[in-house]
Amino acid sequence: MAEGRTLADLSKADAVAKDAAPKAAAAAKANGEERKLDKFGRAYATGKRKNAIARVWIKPGSGKFTVNGKESNDYFARPVLRMLLAQPLVVANRVGQFDVMATVVGGGLSGQAGALRHGISKALTYFEPALRPALKAQGFLTRDSRVVERKKYGKPKARRSFQFSKR
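These numbers come from a predicted model, not from an experiment.

Caption draft 1: Spotlight on the nonpolar core. Of all hydrophobic cores here, the largest spans 30 residues; its most connected members are Val56, Ile58, Phe76, Leu116, Ile120 and Leu124. For this core, the leading source of residues is helix α4 (residues 109–127), giving 7 residues. Setting aside residues no more than four positions away along its own chain, phenylalanine 76 makes contact with Val67, Leu81, Arg82, Leu85, Leu109, Gln112, Ala113 and Leu116.

Below you can see the structure in the form of structure tokens.
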């Protein structure tokens, strides 16, 4: 047991904490800012880009990035893709403050990096709602809806036609 603490002291402290928590939550709600965290203290978000879908969890930590069980430097070998992942944290001035754990499926590496950037941005706004204006201004919260156009019948690609010859 802790020194100088009795059961009565602990119950008083617990009662004070229970009274303070709803007041803090009510103040945050009045400002339109409410954190969305799971029972482990993580913020979860889904990011999408092209055919890639990223499920992202962030929590306070040392800045460790894990993608599909691998270190982000191993998964995304190109520096441009790693730069994409860091953009939301750089804009929010939170580099090295959050651990990011993500699973990504579908698409190619470029689409997956874009989906991860979208997911990290959304998770940051769930963790710290005050960051939303800065991330929104950079366009990180907008889902890029461009996808590959489907192939049409009678054509070799979506719009490309076979070469025309008069003979």
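What follows picks up the thread again.
Caption draft 2: How the structure looks around the pattern of salt bridges. Following the criterion strictly, the structure yields 6 salt bridges and no others. For the salt bridge of aspartate 144 with arginine 49, the shortest nitrogen-to-oxygen distance reads 3.5 Å. Taken together, the residues span a long stretch of sequence, with aspartate 144 in the segment after α5 (132–138) and arginine 49 in strand β1 (residues 43–49) at a distance of 95 residues. The buried category is assigned to arginine 49, whose relative accessible area is 18%. Its salt-bridge partner being arginine 94, residue glutamate 128 comes within 2.7 Å of it at the nearest N-O pair. Residue glutamate 128 is located in the loop between α4 and α5, and its partner arginine 94 is located in the loop between α3 (79–91) and β5 (98–105); the two are separated by 34 residues in the primary sequence. Ionic contacts of the salt-bridge type, sharing partners, join the residues Arg49, Asp144 and Arg146 into one network.

Caption draft 3: Just the packing of α3 against α4, in detail. α4 packs onto α3 with a crossing angle of 10° between their chain directions and a minimal axis gap of 8 Å. Considered as vectors, α3 and α4 are oriented roughly parallel to each other. The residues of α4 that touch α3, namely those facing Leu81, Leu84, Leu85, Gln87, Pro88 and Leu89, are Leu109, Ser110, Ala113, Gly114, Leu116, Arg117, Ile120, Ser121 and Leu124. When grouped by side-chain class, the residues that make up the contact of α3 with α4 number 10 nonpolar, 4 polar and 1 charged.

Caption draft 4: Spatial organisation of the side chain of histidine 118. If you trace the backbone, histidine 118 turns up in helix α4. When near neighbours in sequence (up to four residues on either side) are disregarded, histidine 118 contacts Thr46, Gly47, Lys48, Phe140, Leu141, Thr142 and Arg143.

Cut-off values and rules
Residues numbered from 1 in each chain as written. Predicted model: local features only at pLDDT ≥ 70, side-chain atom pairs only at ≥ 80, totals over all residues. Heavy atoms only, no water. Core = buried A, V, L, I, M, F, W, Y, C linked by side-chain atoms within 4.5 Å. Buried < 20%, exposed > 50% of the residue type's maximum accessible area, 1.4 Å probe, protein only. Helix = DSSP H or I, 4+ residues; strand = E, 2+ residues; numbered from the N terminus. Contact = heavy atoms within 4.5 Å. Salt bridge = Lys/Arg side-chain N within 4 Å of Asp/Glu carboxyl O. Axes fitted to C-alpha atoms, helices over the stretch in contact; angles between N-to-C directions. Parallel < 35°, antiparallel > 145°, perpendicular 65-115°, else oblique. Nonpolar A, V, L, I, M, F, W, Y, C, P; charged D, E, K, R; others polar.

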